[in-house]
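# Residue-level structure breakdown
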Amino acid sequence: MTLLYHKPSGVTHFLASPLPEMLALLREVPCGADILAERLCHRLAIPCNDEAVTVVTERLAELAAIGLVHSA
Amino acid sequence: MHGEDGQPEDRPDVASDIGSVEAPSRAQKSSRRDLLRLSALGGAAIITIRPGMAQAAASVNMCTIAVPDAARSTKWIKSDGTLVSKNTANSYPGPTSPLKAADIKNAINYNTSYPGYTSAQSSAYTNYIKKLTQGTAGFTCFASIQNPA
């Protein structure tokens, strides 16, 4: 669990894995869901499959919904 | 697209796997994989906590505080913010209309005066507002002003 305070909205979020890892990767190099899924799997040393891409795509949308990430 | 979500393949031992911090590398990988899968299966990954009484910024600036509250409207406000009988030394009658959140915010943060009132009066009013506690009229508005929203 990672505790995150979003200053612009004044709102606090608890983020469960793999969201903190996703944010860390995006902070290093912004990218889309497919590439992010591959990088996340690589970082966690797990094989990348469709399920991982689905998870990353959906979680990315959730992060966008609360304003922590936005599409370029 | 969401077909995978319905599969009953999540293993019940996931939680205990997550707890094992110093597990061997293989178990670690397994637990990470489970963790990723667990997130896919509909568990909340984000829990958002909002300041209890803070509302949208617009509504915060819309609220007003009567000084003093309606039940004690005949009282005057002393410079330290306490309520006293009228004509007491160093005290002032309350403002004729409730104070606006935006003005209160400025008064608290920048020590500005309320429109139409002297700095001594304004300071007494602000001190009164700062003394408001949970359950008293105007407290919710005061709390909203202090919370980031």
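Below or above, wherever it landed, is the structure these notes cover. Given the structure is predicted, the values throughout are model-derived calculations rather than measurements. (Residues numbered from 1 in each chain as written. Chains lettered and ligands numbered in written order. Predicted model: local features only at pLDDT ≥ 70, side-chain atom pairs only at ≥ 80, totals over all residues. Heavy atoms only, no water.)

## Thoughts on a nonpolar patch on the surface
A cluster of nonpolar residues, Met1(A), Ile47(B) and Ile49(B), forms a patch on the protein surface that exposes about 300 Å² of accessible area. For Met1(A), a relative accessible area of 68% translates into the label exposed. (Patch = residues over 30% accessible without salt bridge, like charges linked within 9 Å, V, L, I, M, F, W, Y side chains within 5 Å. Areas by Shrake-Rupley, 256 points an atom, 1.4 Å probe, with all protein chains shown as cover. Salt bridge = Lys/Arg side-chain N within 4 Å of Asp/Glu carboxyl O. Buried < 20%, exposed > 50% of the residue type's maximum accessible area, 1.4 Å probe, protein only.)

## Some thoughts on the pattern of salt bridges
Counted under the stated rule, the structure contains 3 salt bridges over all chains. Between Glu28(A) and Arg43(A) there is a salt bridge; the shortest N-O distance is 3.1 Å. Here the residue Glu28(A) occupies a position in helix H1 (residues 19-28), and Arg43(A) occupies one in helix H2 (residues 33-44), the gap between them amounting to 15 residues. Accessibility expressed as a relative area gives 48% for Glu28(A), which makes it partly exposed. Arg43(A) gets classed as partly exposed once you look at its relative accessible area, which sits at 45%. A salt bridge links Arg72(B) to Asp69(B); its shortest N-O distance comes to 2.8 Å. Of the residues examined, Arg72(B) reaches a relative accessible area of 36% and is grouped as partly exposed. Of the residues examined, Asp69(B) reaches a relative accessible area of 10% and is grouped as buried. (Helix = DSSP H or I, 4+ residues; strand = E, 2+ residues; numbered from the N terminus.)

## What to know about the side chain of Ser122(B)
Relative to the assigned elements, Ser122(B) resides in helix H5 (residues 119-130). Filtering out sequence-adjacent residues up to four positions away, Ser122(B) remains in contact with Thr112(B), Ser113(B), Tyr114(B) and Tyr117(B). (Contact = heavy atoms within 4.5 Å.)

## Examining the nonpolar core
In globular proteins that are soluble, nonpolar side chains generally tend to be buried together. Judged by nonpolar contacts, the single largest core of 22 residues is most densely connected at Leu19(A), Met22(A), Leu36(A), Leu60(A) and Leu63(A). Listed by contribution, the elements that provide at least two residues to this core are H1, H2 and helix H3 (50-65) of chain A. It is H2(A) that contributes the most residues to this core, 6 residues altogether. Discounting chain neighbours no more than four positions away, the residues touching Met22(A) are Leu36(A), Leu40(A), Val56(A), Arg59(A), Leu60(A) and Leu63(A). One finds Ile65(B), Tyr125(B), Phe139(B) and Cys141(B) within the second-largest nonpolar core, a separate group that totals 19 residues. (Core = buried A, V, L, I, M, F, W, Y, C linked by side-chain atoms within 4.5 Å.)

## A word on the packing of H2(A) against H3(A)
Residue and element names in this part refer to chain A. Packing of H2 against H3 brings their axes to within 9 Å, and their N-to-C directions diverge by 115 degrees. The hand of the H2/H3 crossing is right-handed. Packed against H2, whose contacting residues are Ala33, Asp34, Leu36, Ala37, Leu40 and Cys41, the element H3 presents Ala52, Val53, Val56, Thr57 and Leu60 at the interface. Here the residues of the contact of H2 with H3 are counted per class, giving 9 nonpolar, 1 polar and 1 charged. (Axes fitted to C-alpha atoms, helices over the stretch in contact; angles between N-to-C directions. Left-handed = near helix turned anticlockwise from the far one by under 90°. Nonpolar A, V, L, I, M, F, W, Y, C, P; charged D, E, K, R; others polar.)

## What about the pairing of strand S2 (residues 11-15) of chain A?
Across the two faces of S2(A) the burial differs, with Val11(A), His13(A) and Leu15(A) buried and Thr12(A) and Phe14(A) not buried at all. Two strands pair when backbone bridges link them, and strand S1 (residues 2-6) of chain A and S2(A) are joined in this way by 5 bridges, in the antiparallel orientation. Its bridge partner lying in S2(A), Tyr5(A) is registered against Thr12(A). Linking S1(A) to S2(A), which pair antiparallel, is a turn of 4 residues; within it Gly10(A) sits at a positive phi near 70 degrees. Where S2(A) lies against strand S1 (residues 46-49) of chain B, 4 bridges are found, and the strand directions are antiparallel. When the bridges of S1(B) are listed, Thr12(A) appears paired with Ile49(B). (Pairing = 2+ DSSP bridges.)

## Details of unusual backbone geometry
Each neighbour pair has its own omega, and for Ser17(A) with Pro18(A) the value is 5 degrees, a cis peptide bond. Tracing the chain through its elements places Pro18(A) in the loop between S2 and H1. The amide bond that connects Val67(B) to the next residue, Pro68(B), takes the cis arrangement and shows omega of -10 degrees. With respect to the helices and strands, Pro68(B) occurs in the loop between strand S2 (64-65) and strand S3 (76-78). One non-glycine residue with positive phi stands out, namely Asn87(B), at about 70 degrees. Summarising the element assignment, Asn87(B) is placed in the loop between strand S4 (83-84) and strand S5 (91-93). Since its relative accessible area comes to 60%, Asn87(B) is described here as exposed.

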